[in-house]
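Remarks on the overall topology
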Amino acid sequence: MPAGVFKERYAELMAHLRYPIHWAGLALGVAVLALLPLAGAYSVSLAADAAVFLIAAIGLNITTGLAGQISLAQGALMGVGAYAVAKTVEALAAGGHSVAGMALLLIPAAGLAAAAVGLLLALPSFRLKGYYLAMASLAAQVLLVYIFKTIIDPQQGITMPDEAKTVADIYFGDGYPMYYLVIAITAVMALAAANIGRSSVGRAMKAVRDNDVSASIVGIDVARTKALAFALGAFYAGIAGALYALTNNSVAWDAFELATSIDLLAMVLVGGAGRIIWGSLLGVLLLRVVWSNLDAPLSSLGFINLVGGVDAVKYLVFGLLVAYFVVKEPEGLIGVLRRVKEYLRLWPFSY
Amino acid sequence: MFSAAKRHPTRKEVVGFDSWGRPGDSVPGLLELWEPSRRYAEKPRIAERSILIVEDVRVEFGGIVAVDGAGFRLEPGQILALIGPNGAGKTSLLNVVSGFYRPRRGHVIFMGRDITHLPPHKRARMGLARTFQHSELFMHMTVVENIMTGLEPWRRYSLLDAALWTEKARRWEEWARWKAEQVIDLLELHRYRDRVVEGLPPGIQKRVDLARALAQDPKVVLMDEPMAGLSREEKEDLARAIVEVNETQGVSFVLVEHDLEVVMDLCDYVVAMESGRVIAEGPPEAVARDPKVVEAYLGG
Ligand SMILES: Nc1ncnc2c1ncn2[C@@H]1O[C@H](COP(=O)(O)OP(=O)(O)OP(=O)(O)O)[C@@H](O)[C@H]1O
Ligand SMILES: [Mg+2]
């Protein structure tokens with residue numbers, strides 16, 4: 001914290017942007033995001049993909065990081081959001097109705113649909129904790145994918161007509177319009193999450209995470225708070241799923257399998273559980289953006305095939321990375337960064 | 001909780017129990033009689049107006065009977081001590097009062113309402129606060145956040161207000177922070193305000209625990225061994241804070257305490273337990289002289 005800057009009112013302490021450096025960071029971020037399309041189509045689709053996963057990771061960070069309710073079903077909940085949009089559009093088209101702009105109009109509904117399923121997932125949390133709760137959410141994940149496979153999407157792949165992604169003659173399925181829309185929605189969702197995190201609702205969730213016995217003794221309705229944490233996290237997953245449906249050619253269940261849930265949980269744990277914005281962002285940047293661009297550099301290494309190939313090495317490193325952070329750095333990358341910052345602040349007089 | 005309006009309720013507000021749980025003026029002149037004094041002997045006992053009545057409670061764990069027909073009555077403004085050797089069932093009895101244990105038998109009546117089957121958070125919302133024998137704070141939250149969690153039941157804005165950070169949410173949060181600052185002032189926690197609880201010295205943690213309880217505007221605070229593990233100085237500080245809250249706001253206390261010196265100094269009334277039963281009760285001096293109590297303490 002910059003020395004010598006004192007805040008007079010509590011409102012000033014609560015503000016997200018408290019110091020000039022925060023404003024500078026915001027300006028820089030906006031500039032980079034606004035100009036990114038100049039770097040070409042690949043960076044646009046990469047950034048949009050990262051944004052979609054950032055929304056889902058923020059949601060999981062609310063459920064798991066803020067409220068302490070471990071969930072291995074965030075991927076399937078994304079699927080609920082994606083299928084809510086794709087299936088509705090498919091059904092409308094089959095019924096001969098106009099689907100113009102529906103893929104966009106249905107985004108909030110996708111969030112609500114996933115939130116409803118998230119509420120069901122909260123039920124085991126009233127009884128179970130820790131590993132047992134993780135197992136219950138794992139079961140839900142598997143069950144949901146099974147439902148996708150057998151009932152909702154037996155053909156493996158629903159493609160929405162371009163018309164559904166078009167509003168006022170602008171096609172939001174790819175390119176700049178898609179990019180700016182996704183980034184704008186992500187920014188709003190992130191800001192809302194940050195606001196909830198610093199509110200009394202967020203404090204109640206943290207209280208339940210730290211000590212649910214004490215939470216009830218200060219008058220917090222623990223069951224209700226858990227239910228809210230699950231529903232809110234699932235709402236974010238649903239929005240992310242709807243954006244996935246918008247930005248990809250087709251919706252298929254293999255994108256929402258257990259591996260996706262594990263990836264999301266890893267992003268939260270490695271980035272920083274409980275740090276809902278910056279922790280999630282770091283996790284997504286490392287485990288989604290950097291990760292998906294490692295294949296080419298890795299395969300150019302001559303010895304890579306001697307140790308089992310690119311995929312094997314990536315799995316191994318992923319596992320080690322997650323294990324390391326869970327055991328050694330429970331605060332995640334955010335915690336590491338904070339220590340670096342402290343060190344630099346004191347440098348050269350470190351002690 | 002510390003606003004002047006609340007500290008001096010007008011006579012009109014006071015019907016039955018007022019917002020502080022003090023007896024009302026349905027009996028003419030009762031409010032004048034009632035004064036949150038520290039000495040039980042000087043206070044009129046208003047039997048039917050006891051703010052907390054714990055009756056004939058029995059708690060069993062498997063074969064073990066932890067509480068066997070114990071109970072007590074707490075008068076408004078009173079500081080009551082619950083003493084007894086290790087394993088006497090004091091904590092178990094408090095757990096029944098705050099709602100963690102379902103008693104096999106017996107009742108808990110708070111402000112004239114039977115709360116035996118109410119979940120803990122609803123009891124807390126009625127004004128029943130609690131501190132713990134072993135620290136049960138929110139370890140990864142700061143001191144001020146810990147204190148502010150006690151205000152969540154009084155949140156007056158919706159989730160949507162929170163997400164959009166509307167004027168309503170901002171105003172409430174400012175109010176909540178102001179409330180927390182009052183308690184921080186009272187318990188002199190300024191230096192620790194923004195420190196994460198984990199790693200704070202035990203004495204400070206005990207104070208934070210009390211602060212969190214007081215932030216809820218309680219009518220009754222149950223404290224399980226608040227003085228355990230504190231230095232002499234810390235004990236005096238904590239005792240002073242308890243007396244101040246008791247005298248200025250009329251909050252009643254139930255203290256489970258081993259330190260008999262503290263009990264004699266602080267309490268109006270003492271209930272002594274052994275093996276789940278009440279073996280003696282009355283003013284501190286009388287209980288301290290009671291042969292059964294002397295034996296329980298020396299024998300135990
Ligand atoms: N959860 C539990 N399960 C089984 N037995 C218990 C449980 N809690 C308490 N007991 C038993 O009940 C009896 C009373 O315990 P309790 O903790 O209420 O005593 P206490 O008076 O608070 O003692 P101390 O002064 O040591 O805190 C003890 O014999 C204890 O072993
Ligand atoms: Mg005890």
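Being a predicted model, the structure only gives us computed values, none of them experimental. (Residues numbered from 1 in each chain as written. Chains lettered and ligands numbered in written order. Predicted model: local features only at pLDDT ≥ 70, side-chain atom pairs only at ≥ 80, totals over all residues. Heavy atoms only, no water.)

Some words on the overall build of chain A
Condition: Put simply, DSSP marks the helices as runs of H or I at least four residues long and the strands as runs of E at least two long, and each gets a number from the N terminus on. Note on method: radius of gyration uses C-alpha positions; expected globular size equals 2.2 Å times residues raised to 0.38. Only protein chains enter the accessibility calculation, which uses a 1.4 Å probe. A residue is then buried if its area is under 20% of the maximum for its type, exposed if over 50%, and partly exposed in between. Pairs of residues are marked as contacts when any of their non-hydrogen atoms sit within 4.5 Å. Note on areas: Shrake-Rupley with a 1.4 Å probe; residue coverage comes only from the protein chains shown.
Helix and strand counts for chain A come out as 16 helices and 4 strands. In terms of overall size, chain A behaves like a compact globule, its C-alpha atoms giving a radius of gyration of 21 Å where 351 residues would be expected to give roughly 20 Å. Along the three orthogonal principal directions, the C-alpha set of chain A runs to about 70 × 55 × 50 Å. By residue count, 48% of the 351 residues in chain A fall in the buried class. Intrachain contacts of chain A at a sequence separation of at least 6 include 78% that bridge at least 24 residues. On chain A, roughly 16,800 Å² of surface is accessible, and the fraction owed to carbon and sulfur atoms is 69%.

Remarks on the overall build of chain B
The secondary structure content of chain B amounts to 12 helices and 10 strands. When burial is assessed residue by residue, chain B has 57% of its 300 residues classed as buried. A fraction of 65% describes how many contacts in chain B between residues 6 or more apart in sequence connect residues 24 or more apart.

Quick word on the domain arrangement of chain B
Residue and element names in this part refer to chain B. Note the threshold: Source of the domain bounds: an automatic or database domain assignment. Two parts lose some accessible area (1.4 Å probe) when they are put together, and adding that loss for both gives the buried area. The salt bridge definition used is simple: a Lys or Arg side-chain nitrogen within 4 Å of an Asp or Glu carboxyl oxygen. Each polar contact in these results corresponds to two N or O atoms within 3.5 Å; when the atoms are within protein, one needs to be able to donate a hydrogen and the other to accept it, and residues that are neighboring in sequence are counted only if both atoms are side-chain atoms.
Its domain assignment divides chain B into domain 1 (45-127 + 218-300) and domain 2 (138-216). Domain 1 and domain 2 are separated by 26 Å when their C-alpha centres are compared. Opposite the 17 residues of domain 1 that make contact, domain 2 presents 12 residues. Regarding the contact of domain 1 and domain 2, the summed buried area is about 1,100 Å², with carbon and sulfur atoms giving 73% of it. Counting every contact that joins domain 1 to domain 2 gives 0 salt bridges. Linking domain 1 to domain 2 there are 1 residue pair in polar contact (both at pLDDT 80 or more). Put simply, the parts of the chain that give the side of domain 1 that touches domain 2 at least two residues each are helix 4 (120-126), strand 7 (220-224) and helix 9 (232-249). By residue number, the principal contributor to the side of domain 1 that touches domain 2 is helix 9, which donates 6 residues.

Overview of the site of ligand 1
Residues and elements named next belong to chain B. Quick reminder of the rule: The criterion for a residue being near a molecule or strand is simple. One of its heavy atoms has to lie within 4 Å of it. Asp, Glu, Lys and Arg are counted as charged, while Ala, Val, Leu, Ile, Met, Phe, Trp, Tyr, Cys and Pro are counted as nonpolar; the rest, among them Gly, fall into the polar class.
Lining the immediate surroundings of ligand 1 are 13 residues, of which Asn-86, Gly-87, Lys-90, Thr-91 and Ser-92 lie closest. At 3.2 Å, a backbone N or O of Ala-88 approaches an oxygen atom of ligand 1. Between ligand 1 and the protein, one listed contact pairs an oxygen atom with a side-chain N or O atom of His-258 at 3.2 Å. Burial of ligand 1 by the protein chains amounts to 65% of its free accessible area of 630 Å². Considering each element in turn, the shell around ligand 1 owes the most residues, 3 residues, to helix 3 (residues 90-98). Looking at side-chain class alone, the shell around ligand 1 contains 4 nonpolar, 7 polar and 2 charged residues.

A few points about the environment of Ala-110 of chain A
Residues and elements named next belong to chain A. Mapping Ala-110 onto the fold places it in helix 6 (residues 107-122). Residues Ala-110 and Ala-84 lie 26 residues apart in sequence; the distance between their C-alpha atoms is 5.5 Å. Those residues in contact with Ala-110 that lie beyond four places of it in its chain are Gly-81, Ala-84, Val-85, Gly-238 and Ala-242.

Thoughts on helix 7 (residues 167-186) of chain B
Residue and element names in this part refer to chain B. Test applied: To estimate the expected span of a helix, count its residues, drop one, and scale the result by 1.5 Å.
The terminal C-alpha atoms of helix 7 lie 29 Å apart, and with 20 residues this matches the ideal 28 Å at 1.5 Å per residue to within 8%. Buried within helix 7 are the following residues: Ala-169, Trp-172, Glu-173, Ala-176, Arg-177, Lys-179, Ala-180, Glu-181, Val-183, Ile-184 and Leu-186. Phi turns positive, to about 50°, at Glu-188, one or two residues after helix 7.

What to know about the coordination of the magnesium ion (ligand 2)
Under ideal tetrahedral coordination, the four donors around a metal are separated by 109.5 degrees; under ideal octahedral coordination, the six donors are separated by 90 or 180 degrees. All names here are of chain B. The cut-off we apply is this: Distances decide who is a donor: an N, O or S atom must be within 2.8 Å of the metal, or within 3.2 Å for Na, K and Ca. Water is not included, so sites may look incomplete.
Within the protein, the magnesium ion (ligand 2) binds to Thr-91 (OG1) and Gln-133 (OE1); these donor distances fall in the range 1.8 to 2.4 Å. Pair noted here: Thr-91 is in helix 3 and Gln-133 is in the loop between strand 6 (128-131) and helix 5 (143-149), with a separation of 42 residues, a long-range link. Overall, the relative accessible area of 26% leaves Thr-91 in the partly exposed class.

Topic: the sheet that holds strand 9 (residues 269-274) of chain B
Residues and elements named next belong to chain B. Selection criterion: Two strands qualify as a pair provided DSSP detects at least 2 bridges between them. Note on geometry: axes are C-alpha line fits, over the in-contact stretch for helices, and angles between N-to-C directions span 0 to 180 degrees.
The sheet built from 6 strands is open, its strands ordered 6-7-8-3-9-10 with mixed pairing. The open sheet has two edge strands, strand 6 and strand 10 (277-282), and neither has a second partner. Taking the axes of each pair of neighbouring strands and ignoring which way they run, one obtains an average angle of 15° across the sheet. Across 4 bridges, the pairing between strand 3 (residues 79-83) and strand 9 is parallel. Note that in strand 9 the partner of Leu-82 across the bridge is Val-271. The sheet contacts of helix 8 (residues 202-215) involve strand 6, strand 7 and strand 8 (252-256), and relative to strand 6 the element is tilted by about 170°. Along the sheet, helix 9 contacts strand 3, strand 7 and strand 8; its crossing angle with strand 8, the most-contacted strand, is approximately 150°.

As for the sheet that holds strand 2 (residues 64-74) of chain B
Residue and element names in this part refer to chain B. Here we have 4 strands laid out as an open sheet, ordered 2-1-4-5, and antiparallel in their pairing. Strand pairing shows two members of the sheet lacking a second neighbour, strand 2 and strand 5 (113-114), which therefore form its edges. Direction of pairing for strand 1 (residues 52-61) relative to strand 2: antiparallel, over a ladder of 8 bridges. Across the sheet, Phe-61 pairs through a bridge with Ile-64, a residue of strand 2. Helix-sheet contacts for helix 3 involve strand 1, strand 2 and strand 4 (105-110), and the interaxial angle to strand 1 is about 115°.

Here's the deal with a negative patch on the surface
Selection criterion: Surface patches are defined over residues having more than 30% relative accessible area and no salt bridge, joining like charges when they lie within 9 Å and nonpolar side chains (Val, Leu, Ile, Met, Phe, Trp, Tyr) when within 5 Å. When charges are counted, Lys and Arg are positive and Asp and Glu negative, with His and the chain ends excluded. Just so you know, the charge point we use is NZ for Lys, CZ for Arg, CG for Asp and CD for Glu.
The grouping of Asp-185, Glu-188, Glu-244 and Glu-247 of chain B at the surface amounts to a negative patch. As for its position among the elements, Asp-185 of chain B is in helix 7.

Details of the packing of helix 3 (residues 41-66) of chain A against helix 9 (residues 200-210) of chain A
All names here are of chain A. Applied cut-off: Angle categories are assigned with fixed cut-offs, so that under 35 degrees is roughly parallel, over 145 is roughly antiparallel, 65 to 115 is roughly perpendicular, and the rest are oblique.
At their nearest, the axes of helix 3 and helix 9 sit 8 Å apart, and the two run at 50° to each other. Accordingly, the angle class assigned to the pair helix 3 and helix 9 is oblique. Of the residues in helix 9, those touching helix 3 at Ile-62, Gly-65 and Leu-66 are Gly-202, Met-205, Lys-206 and Arg-209. Classifying every residue of the contact of helix 3 with helix 9 gives 3 nonpolar, 2 polar and 2 charged.

Let's talk about the interface of chain B and chain A
Across the boundary between the two partners, chain B contributes 34 residues, which contact 31 residues of chain A. The contact between chain B and chain A buries some 2,800 Å² in all, and 63% of this surface belongs to carbon and sulfur atoms. Of all residues in chain B, Phe-138, Leu-159 and Trp-165 of chain B bury the most surface against chain A, accounting for 21% of the area lost on that side. The interface formed by chain B and chain A contains 2 salt bridges. The closest approach of N and O atoms between Arg-203 of chain A and Glu-173 of chain B, which form a salt bridge, is 3.0 Å. Scanning the region where chain B abuts chain A turns up 11 residue pairs in polar contact (both at pLDDT 80 or more). Taken together, the elements giving at least two residues each to the side of chain B that touches chain A come down to helix 4, helix 5, helix 6 (159-164) and helix 7 of chain B. Broken down by element, the side of chain B that touches chain A gets its largest block of residues, 5 residues, from helix 7 of chain B. In the side of chain B that touches chain A, the residues fall into 17 nonpolar, 6 polar and 11 charged.

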